Amino acid sequence: MAITYEAVKNLTAQLYDWSLRKVPDDAQHALRGLLSSERNETARKTLTFMLASSDAAERGNRFVCSDSGVPVYLMRIGTAARLEGPIKQAFTDGFAELVARIEPPLLDHVTNPLTLQRGHSGRHMPLVTYELIDDADYVEITCSPKALGSGRWAALEIFSFPTLDVIERYVLEVVMKAGSQPCPPVVIGVGIGGSFDYAAKMAKQATLRPVGQAHAEPMVAAMEQRLLAAVNKTGFGPMGTGGDATSMAVHVDYASGHGFTPVAVCFNCWINRRTSARIYNDGRVERID
Amino acid sequence: MPISAEQARALKVGDTVLIDGDIVVSAGLPTYHRIAEYVREGRELPIDLTHGVLFHLGSYSRETPQGDLEVLYINPTTSTRFNPLMPGIIRGLGLHAVGGKGGLDAACAEAMQEAGCVYLSFPGGGSALLSEALRGVRQVAWPELLTHYRLVKLRVEGLGPATVGIDAHGNSVYDDLKAGSQERLQAIFTELDQDRAASAQASSNI
């Protein structure tokens, strides 16, 4: 058997649909934790509403947010996986089929950046990144739809042999610029080093990591902790109307590079939507979120 | 809703409200450009907004088999996108409530103070609960635009909670938070440096 066009098309459409109707368990857990320590009354009301609304979406099978964003996928391909058919096309066709059948319908969010025309399809849409996993007999696909609300505040700057304090100050500067805007409490992804494109990719993928899971290296985990503490001293709070809970997690990753060090910072809003599943060579599908 | 200038002026930053009545919404930048143009030229809008409320909320509305309009869901969009257009719209129409998420800038707050107008912050990503307040579509204008760009008058009951982010007296939680965080930034950097030094010390002791 093999991992077919049909299987990838169906799963990618389902992952997108699922991601719109549920706030992932790790984010809900983090929100409850933030609620228990929040000192600002308005912020506590907002956090309580967020939890109630995510519960209502899940129970009623409704959209968490009306902005379904655009489809963004990460496909990690096992080197022992057997693929069959036009797998890249499967993403495009899966999204088109989902748009045709999903209830309630999706708003037109796919935007041509040159003409600002909006619709449900466009050049390079869905946005897919491919990676390899050595020896695995499956593909692992993550869907993390992205919208303007938190997407527009990501930033990247390139430094030359920066010390840690320079890097950490830059993260805070980006957070200050985003301020009340990116639907806090946010997950912040930070990618350090590598190259221009690689740093951005690491930052994005860092936001996919389960909330509560620290980086494997103690030095990086400590950096995540102190950055989270620093961000939560800014006071922007839930929905940016004031409070302690500006961020539920800061996830950092790094790659070795040359002396020029890109630092990329990006945000996921509080609903932190993402879903993942694997398809095995025998056709079995396994949800892993 | 409707809300008077006096009622708007009685609200303070940080208050939370639930909204009953008719509201007008659109999430489209082209729509706000068009509204601003109508206001500048003194033309009559297809939905009367004089002394009304106008929210940066997206909505999905469609025709039912019976020929009525139904609205399926609503949610706030980022208000700061409309910053350059809102002062003219607020003053020109004498709006008493605007809203969305993320706030508006100081120029908008100034126009709001003159008009007796508040800014209401709706929880982003709260579509499931916010949409439960929908009671019907009263009017849809500019149907040639994308669904969420249309100017839509909705009947709502218990919409919210919405937080007063900017009141009609020139107070803005957004400006206050920005200024407050900027004031604290040096102290935050200092604590960050201390944490880093402590962490380096701890790992060198291992």
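Residues numbered from 1 in each chain as written. Chains lettered and ligands numbered in written order. Predicted model: local features only at pLDDT ≥ 70, side-chain atom pairs only at ≥ 80, totals over all residues.

Draft legend 1. Broad picture of the overall build of chain B. Within chain B one finds six helices and eight strands. Beginning at the N terminus, the succession of helices and strands in chain B can be written as α-β-α-β-β-β-α-β-α-β-α-β-β-α. Taken along the three principal axes of its C-alpha coordinates, chain B extends 75 × 40 × 30 Å. Here chain B holds 206 residues, and the buried ones make up 47% of them. Expressed as a percentage of contacts within chain B between residues at least 6 apart in sequence, the contacts between residues at least 24 apart total 67%. (Helix = DSSP H or I, 4+ residues; strand = E, 2+ residues; numbered from the N terminus. Buried ≥ 20, exposed ≤ 12 C-beta atoms within 10 Å, placed from the backbone. Contact = placed C-beta atoms within 7 Å.)

Draft legend 2. View of the packing of helix α8 (residues 218-231) of chain A against helix α6 (residues 173-204) of chain B. Relative orientation of the contacting elements α8 of chain A and α6 of chain B amounts to 155°, with a least axis distance of 10 Å. What the angle tells us is that α8 of chain A and α6 of chain B run roughly antiparallel. Our pair here, α8 of chain A against α6 of chain B, has a crossing hand that is right-handed. Each of Pro218, Met219, Ala222, Arg226 and Ala230 of chain A in α8 of chain A lies in contact with α6 of chain B, whose residues at this interface are Ile188, Glu191, Leu192, Asp195, Arg196, Ser199 and Ser203 of chain B. (Axes fitted to C-alpha atoms, helices over the stretch in contact; angles between N-to-C directions. Parallel < 35°, antiparallel > 145°, perpendicular 65-115°, else oblique. Left-handed = near helix turned anticlockwise from the far one by under 90°.)

Draft legend 3. Spotlight on the interface of chain B and chain A. Opposite the 44 residues of chain B that make contact, chain A presents 49 residues. If you list the elements that add at least two residues to the side of chain B that touches chain A, you get β3 (57-63), β4 (69-76), α5 (127-130), β8 (151-166) and α6 of chain B. A total of 17 residues in the side of chain B that touches chain A trace back to one element, the largest contributor, which is α6 of chain B. For the side of chain B that touches chain A, the residue count by class is 16 nonpolar, 21 polar and seven charged. (Nonpolar A, V, L, I, M, F, W, Y, C, P; charged D, E, K, R; others polar.)

Draft legend 4. How the structure looks around the domain arrangement of chain B. Domain parsing of chain B yields domain 1 (5-171) and domain 2 (174-206). Summarising the inter-unit geometry, the C-alpha centres of domain 1 of chain B and domain 2 of chain B are found 39 Å apart. (Domains from an automatic or database assignment.)

Draft legend 5. Seen up close, the environment of Leu49 of chain B. Residue and element names in this part refer to chain B. When you line up the elements, Leu49 lands in the loop between α2 (29-41) and β2 (53-55). Considering only alpha carbons, one finds Leu49 and Gly94, 45 residues apart in sequence, at a separation of 8.5 Å. Setting aside its immediate chain neighbours within four residues, Leu49 contacts Val24, Leu54, Leu93 and Leu95.

Draft legend 6. Looking closely at the sheet that holds strand β7 (residues 138-143) of chain A. Residues and elements named next belong to chain A. One open sheet holds the five strands; their spatial order is β6-β2-β7-β12-β13, and the pairing between them is mixed. Here the strands that pair on one side only, and so sit at the sheet edges, are β6 (127-133) and β13 (285-287). Adjacent strand axes in the sheet meet at a mean angle of 20° when their direction is disregarded. Of the strand pairs in this sheet, strand β2 (residues 72-78) and β6 are connected by seven bridges, and their pairing is parallel. Across the sheet, Gly78 pairs through a bridge with Ile133, a residue of β6. Across the sheet, helix α1 (residues 5-21) touches β2, β7, β12 (275-280) and β13, and the angle it forms with β12 is around 160°. (Pairing = 2+ DSSP bridges.)

Draft legend 7. Focus on α8 of chain A. Here α8 of chain A contains 14 residues, and its C-alpha end-to-end distance of 20 Å stays within 8% of the 20 Å for a straight helix at 1.5 Å per residue. Those residues of α8 of chain A that fall on the buried side of the exposure criterion are Ala222, Met223, Glu224, Arg226, Leu227, Ala230 and Val231 of chain A. For α8 of chain A, the elements touching its buried residues are α6 (164-178), β9 (186-193) and β10 (247-255) of chain A together with α6 of chain B. (Expected span 1.5 Å × (residues − 1).)

Draft legend 8. Representation of the domain arrangement of chain A. All names here are of chain A. In terms of domain boundaries, chain A breaks down into domain 1 (3-22 + 64-147 + 273-287) and domain 2 (149-268). Each of domain 1 and domain 2 has a C-alpha centre, and these two points are 25 Å apart. Taken together, the contact between domain 1 and domain 2 spans eight residues of the former and five residues of the latter. A breakdown of the residues in the side of domain 1 that touches domain 2 according to their chemical character gives two nonpolar, three polar and three charged.

Draft legend 9. α2 of chain B, seen in detail. All names here are of chain B. In this model α2 runs 18 Å from its N-terminal to its C-terminal C-alpha over 13 residues, within 8% of the 18 Å that 1.5 Å per residue would give. Those residues of α2 not exposed but buried are Thr31, Tyr32, Arg34 and Ile35. Each buried residue of α2 lies within a common arc of 160° when the element is viewed along its axis, so the set occupies one face. Opposite the buried face of α2, by more than 90 degrees, sit the exposed residues Glu37, Arg40 and Glu41. On its buried face, α2 sits against α3 (86-93) and β8. Positive backbone phi, at 70°, marks Gly42, one or two positions downstream of α2. (Arc of directions from axis to C-beta.)

Draft legend 10. A look at the sheet that holds strand β11 (residues 260-268) of chain A. All names here are of chain A. Read across the sheet, four strands follow the order β8-β11-β9-β10 without closing on themselves; strand pairing throughout is mixed. Two strands in the sheet have a free side with no partner beyond their single neighbour: β8 (155-160) and β10. Across this sheet, the average inter-strand angle for adjacent strands is 15°, counted without regard to direction. Of the strand pairs in this sheet, β9 and β10 are connected by eight bridges, and their pairing is parallel. Bridging from a neighbouring strand, Val190 pairs with Val252 of β10. Taken strand by strand, α6 contacts β8, β9 and β11, and its axis lies near 35° from that of β11. Running at roughly 150° to β9, helix α7 (residues 196-208) makes contact with β8, β9, β10 and β11 of the sheet.

Draft legend 11. Looking closely at the nonpolar core. Ranked by size, the top nonpolar core spans 138 residues in total, and within it Val190 and Val265 of chain A together with Ile90, Leu95, Met112, Cys117 and Val118 of chain B carry the most contacts. Counting residues per element, this core draws most heavily on β8 of chain B, which supplies eight residues. Setting aside its immediate chain neighbours within four residues, Val190 of chain A contacts Val171, Ala203, Ala206, Val250, Val252, Val263 and Val265 of chain A. (Core = buried A, V, L, I, M, F, W, Y, C linked by C-beta atoms within 7 Å.)

Draft legend 12. Broad picture of unusual backbone geometry. The linkage connecting Met125 of chain A with the following residue, Pro126 of chain A, adopts the cis geometry, with an omega of -5°. With respect to the secondary-structure elements, Pro126 of chain A resides in the loop between β5 (118-119) and β6. A cis geometry characterises the amide bond from Pro184 of chain A onward to Pro185 of chain A, with omega recorded as 5°. In this structure, Pro185 of chain A sits in the loop between α6 and β9. Unusually for a residue other than glycine, Asn61 of chain A sits at a positive phi of about 55°. Within the secondary structure, Asn61 of chain A is located in the loop between α3 (41-60) and β2. Backbone geometry places His51 of chain B, a non-glycine residue, at a positive phi of 55°. Relative to the assigned elements, His51 of chain B resides in the loop between α2 and β2. A tally of 16 C-beta atoms within 10 Å means that His51 of chain B is categorised as partly exposed.

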